[in-house]
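Understanding the architecture of this molecule
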Amino acid sequence: MTLSQRIELVCPAGSLPALKTAVDNGADCVYVGFKDATNARNFTGLNFDPASMREGVRYAHDRRRKVLLALNTYPQANNWKDWTAAVDRAAELGIDAVILADPGLMAYAAKTHPDLRLHLSVQGSATSYEAVNFYHERFGIQRAVLPRVLSLAQVEHVIANTPVEIEVFGFGGLCVMVEGRCALSAYATGESPNCNGACSPGKHVRWEQTPKGMETRLNGILIDRFGDGERAGYPTLCKGRFDVDGETYYAIEEPTSLNTLEMLPELARAGVRAIKIEGRQRSPAYVAQVTRVWRAALDRVMSGADRFTVQPAWMAELDKVSEGRSHTLGAYYRPWK
Amino acid sequence: MNSTRLALGPLLYYWPRQATLDFYAEVADSPADIVYLGETVCSRRHELRLDDWLDVAAALDAAGKEVVLSTQSLIESESDLKALRRVVAQDRFRVEANDMSAVRLLAEARRTDWIAGPTLNVFNPVTLEMLRESGACRWIAPHEMSGAALADVLAGLGEPLETEVLAWGRLPLAHSARCFTARHFNLQKDTCEFRCLGLADGITLRTRDGEPFLTLNGVQTQSARVHNLLADLPRVTRSAQVLRVSPQGANTLQVLELFRRVVAGTDSAAAAFEASADCMVDSPCNGFWHGRPGLEHCSLQ
């Protein structure tokens, strides 16, 4: 079977070198953010100022690739103008699409820049075709990124019932919670993905060697404790070990990455139009490695999904850059739930 | 504060059928003006089906309560949508929309009496106006929104819109496709054996140094601490006309009574807060209202 539709590979870039790396290694689209709270990877030292964005767009467009801009946090009444200004800047820079979560901001973008293509961010929490179609009817969104909560059959059902292109996460850090509906970080640190573009932010992290082991804390809250032989991971609060009824374990999720490579033929047959790679906070080396593998895999699938087999070398490459050096199919695979 | 109304939020836990029916029989005589009913957390829970909820609704309606049918926050399957359509199709009671799928269905049905729930992520007046134009007649601010941010949203509205704030209860912080209660019992969600049934206040998750941190409630994760705005009521009621109390395993009606006494001017907010200590399943927090980490407890200056 040869697929009638091309599946776009959407790769992350937290810097101009990462953007160029993604383009050079075969990304169809690169998604980026400005250096402020308007996007969900608002980390120190990351993201683009207007000059580097202009250069990035030029670099990608010269090679006939697209640049997508994430403006996927929720503007508040008192900072509304920062978000609308970011939409204006995106239009002016010739960004190919903006990725939005807030309906108010979509209304602004649709009215002010009718030619600017709108994508619904995963932070918009649309998990059904009724929700996706709502954003389509109201604001003309042309693509939606689905939260990492649906099984493969559910993804297929959404696609069958909407005119909107569907993009799914293929690889990278795994949100266990419905994106856009998680206030765990806000509860622990006061900073949330929704409002501040940050989850478990670095400035609240403490590493402390104690007689009991290496302890990782988030705003003083003990997220995990590691013995001598254990590799201490970053204290993302849903991936710590906690005590429930006298049992200590990864009560929410292990430190692991999503990897759907083996499911690629099924995702292709389901009609997925784009595969997203997570990791704007990761290095250009990560972007290069992951983009290369997924480019090869997607090319193989698009030339004949029936003959697709996962190359062991691909998995080995991806596991090297995975959180906890392990991977999962996440919610695509029902028993994970 | 006199005109402030009290709402009992939807039951977030899975209680046995009779316990649930007994609870709502008592609610009929409680100070709650508004009662939200229905399953919002997990589609597998079925001790009460929609028809049962409609019976409860009719009884509460007869007792003079405004009844609202709440809908599920996470919609995953066609059967979830089917359940949602049935709630929207009945027109005797108002509906709380907790997902944009519900907003679409309610707007399509041209209903103008629905309530925009706390998971819709309304953070600015432009989005709120859009929901009002789609038929919303009341909204519940996101739990993570501060009092100052709420005042800013309301100041940006053309016309006032009835506003509700969660004023008591463990905070619903996240939803997942995964069931953490089933995971705790080493079960998968599809074969969960309904192990959350009868966990009246969920299961407490502690840090490895023994501090209560979160609460596992099936696919929902809540705070361990109890969000308690009793002491903040004089400020809260400047923005909110409706105060939501979230049902808990015990003492929910006593909590409603504490709120009633403050709203009626019988007790001071400070005295009611002090008296509430006996009604809390864990220590209090109110950080979100003060623009701080949600688990903090800020005293008034």
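Residues numbered from 1 in each chain as written. Chains lettered and ligands numbered in written order. Predicted model: local features only at pLDDT ≥ 70, side-chain atom pairs only at ≥ 80, totals over all residues. Heavy atoms only, no water.

This brings us to the overall build of chain A. Counting secondary structure elements, chain A contains eleven helices and 16 strands. By the compact-globule yardstick of 20 Å for 337 residues, chain A fits well, its C-alpha radius of gyration being 20 Å. In terms of overall dimensions, chain A has a C-alpha envelope of 60 × 55 × 40 Å along the principal axes. Each of the 337 residues in chain A was classed as buried or not, and the buried ones make up 64%. Of the contacts formed within chain A by residues at least 6 apart in sequence, a portion of 64% connects residues at least 24 apart. If you sum the accessible surface of chain A, you get close to 12,100 Å²; carbon and sulfur atoms cover 49% of it. Put simply, chain A has 39 plus and 38 minus side-chain charges, and the middle of one group is 4 Å from the middle of the other. (Helix = DSSP H or I, 4+ residues; strand = E, 2+ residues; numbered from the N terminus. Rg over C-alpha atoms; globule rule 2.2 N^0.38 Å. Buried < 20%, exposed > 50% of the residue type's maximum accessible area, 1.4 Å probe, protein only. Contact = heavy atoms within 4.5 Å. Areas by Shrake-Rupley, 256 points an atom, 1.4 Å probe, with all protein chains shown as cover. Lys, Arg positive; Asp, Glu negative; His and termini not counted. Charge placed at Lys NZ, Arg CZ, Asp CG, Glu CD.)

Next up on the list: the layout of surface pockets. Residues and elements named next belong to chain B. Approximately 540 Å³ is the volume attributed to the second largest pocket. Those elements giving two or more residues to the lining of the second largest pocket turn out to be helix 2 (50–62), strand 3 (66–70) and helix 3 (78–89). With six residues, helix 3 is the largest single contributor of residues to the lining of the second largest pocket. The class makeup of the residues in the lining of the second largest pocket is ten nonpolar, seven polar and six charged. (1 Å grid on protein atoms, 1.4 Å probe; cavity = no way out; pocket = protein on both sides within 12 Å on 5 of 7 lines; lining within 4 Å. Points joined across faces, edges and corners; volume = space filled by probe spheres on them. Nonpolar A, V, L, I, M, F, W, Y, C, P; charged D, E, K, R; others polar.)

Turning our eyes to something else, we now look at the interface of chain A and chain B. At the junction of the two partners, chain A supplies 67 residues and chain B supplies 63 residues. Both sides of the chain A and chain B interface together cover about 5,500 Å² of buried area, and 55% of this is carbon and sulfur. Contact with chain B buries area across many residues of chain A, yet A:Glu130, A:Arg181 and A:Tyr187 alone supply 17% of it, more than any other trio. At the surface where chain A touches chain B, the tally comes to nine salt bridges. As a salt-bridge pair, A:Glu254 and B:Arg183 come within 2.9 Å of each other at their nearest N and O atoms. At the junction of chain A and chain B, the tally comes to 39 residue pairs in polar contact (both at pLDDT 80 or more). Looking at which element gives the most residues to the side of chain A that touches chain B, the answer is helix 5 (residues 129–139) of chain A, with nine residues. Considering only residue class, the side of chain A that touches chain B consists of 34 nonpolar, 17 polar and 16 charged. (Buried area = accessible area lost by both parts, 1.4 Å probe. Salt bridge = Lys/Arg side-chain N within 4 Å of Asp/Glu carboxyl O. Polar contact = N/O pair within 3.5 Å; in protein donor to acceptor, adjacent residues only side chain to side chain.)

Residue and element names in this part refer to chain B. Structurally, the position occupied by Arg44 is in the loop between strand 2 (34–37) and helix 2. Given a relative accessible area of 24%, Arg44 falls into the partly exposed group. Distance from Arg44 to Arg132, taken between C-alpha atoms, is 32 Å for residues 88 residues apart in sequence. The residues touching Arg44, leaving out its near neighbours within four places in the chain, are Lys189, Asp190, Thr191, Cys192 and Phe194. One polar contact links the side chain of Arg44 to the main-chain carbonyl oxygen of Lys189, over a distance of 3.0 Å.

Another point: the sheet that holds strand 11 (residues 221–226) of chain A. Residue and element names in this part refer to chain A. Spatially, three strands are ordered 9-10-11 in an open sheet, and the strand pairing comes out antiparallel. Of all the strands in the sheet, the pair left with one neighbour each is strand 9 (205–210) and strand 11. With direction set aside, neighbouring strand axes in the sheet form an average angle of 25°. Pairing analysis gives six bridges linking strand 9 to strand 10 (residues 213–218), with the strands arranged antiparallel. Each bridged residue has a counterpart across the sheet, and for Arg206 the counterpart in strand 10 is Arg217. (Pairing = 2+ DSSP bridges. Axes fitted to C-alpha atoms, helices over the stretch in contact; angles between N-to-C directions.)

Residues and elements named next belong to chain A. Neither face of strand 15 (residues 274–277) is open: one carries Ala274 and Lys276, the other Ile275 and Ile277, and all of them are buried. Where strand 1 (residues 8–12) and strand 15 come together, three bridges link them in parallel fashion. By the bridge assignment, Val10 is partnered in strand 15 with Lys276. Two strands pair when backbone bridges link them, and strand 7 (residues 165–173) and strand 15 are joined in this way by four bridges, in the parallel orientation. When the sheet's bridge partners are listed, Phe169 is paired in strand 15 with Lys276.

Residues and elements named next belong to chain A. When its domains are assigned, chain A resolves into domain 1 (8–174 + 256–336) and domain 2 (184–249). Of the roughly 850 Å² buried between domain 1 and domain 2, counting both surfaces, carbon and sulfur atoms make up 40%. Remark: the boundary between domain 1 and domain 2 carries zero salt bridges. Our enumeration of links across domain 1 and domain 2 arrives at four residue pairs in polar contact (both at pLDDT 80 or more). Grouping the amino acids of the side of domain 1 that touches domain 2 by side-chain chemistry returns five nonpolar, seven polar and three charged. (Domains from an automatic or database assignment.)

All right, on to the pattern of salt bridges then. Residue and element names in this part refer to chain A. In this structure the tally under the stated criterion is 52 salt bridges over all chains. As a salt-bridge pair, Arg148 and Glu179 come within 2.6 Å of each other at their nearest N and O atoms. Here Glu179 lies in strand 8 (residues 177–182) and Arg148 lies in the loop between strand 6 (143–145) and helix 6 (152–160), a separation of 31 residues in the sequence. Judged on exposure class, the residue Arg148 and its partner Glu179 are both buried.

The next point concerns the environment of A:Leu120. Residue and element names in this part refer to chain A. Positionally, Leu120 belongs in strand 5 (residues 118–120). When the C-alpha atoms of Leu120 and Ile166 are compared, they prove to be 9.6 Å apart, with 46 residues separating the residues in sequence. Apart from the residues within four sequence positions on either side, Leu120 is in contact with Ile99, Leu100, Met106, Ala126, Tyr135, Ile141, Arg143, Ala144 and Val145.

Quick look at the packing of aromatic side chains now. Remark: the centre distance and the inter-plane angle together describe each pair of aromatic rings, the angle taken between the planes. Counted by the stated rule, this structure contains 13 aromatic pairs over all chains. Here A:Phe134 and A:Phe139 contribute two aromatic rings whose centre-to-centre distance is 6.5 Å and whose plane-to-plane angle is 85°, an arrangement assigned as edge-to-face. Comparing A:Phe134 with A:Phe139, the two get one shared label, buried. For the ring pair B:Trp15 and B:Phe23, a centre distance of 5.2 Å and an interplane angle of 90° mean the geometry is edge-to-face. Neither residue differs from the other here; B:Trp15 and B:Phe23 are each classed as buried. Each member of the aromatic cluster is reached from another via a ring pair, and the members are A:Tyr187, A:Phe242, B:Phe213 and B:Phe288. (Phe/Tyr/Trp six-rings, centres within 6.5 Å; stacked < 30°, edge-to-face > 60°.)

What follows covers unusual backbone geometry. Residue and element names in this part refer to chain B. If you check the backbone angles, Asn121 has positive phi at about 60° while not being a glycine. Structurally, Asn121 is set in the loop between strand 5 (114–116) and helix 5 (125–133). The backbone phi angle of Asn251 is positive, close to 70°, even though this residue is not glycine. With respect to the helices and strands, the residue Asn251 is situated in the loop between strand 11 (242–245) and helix 9 (252–263).

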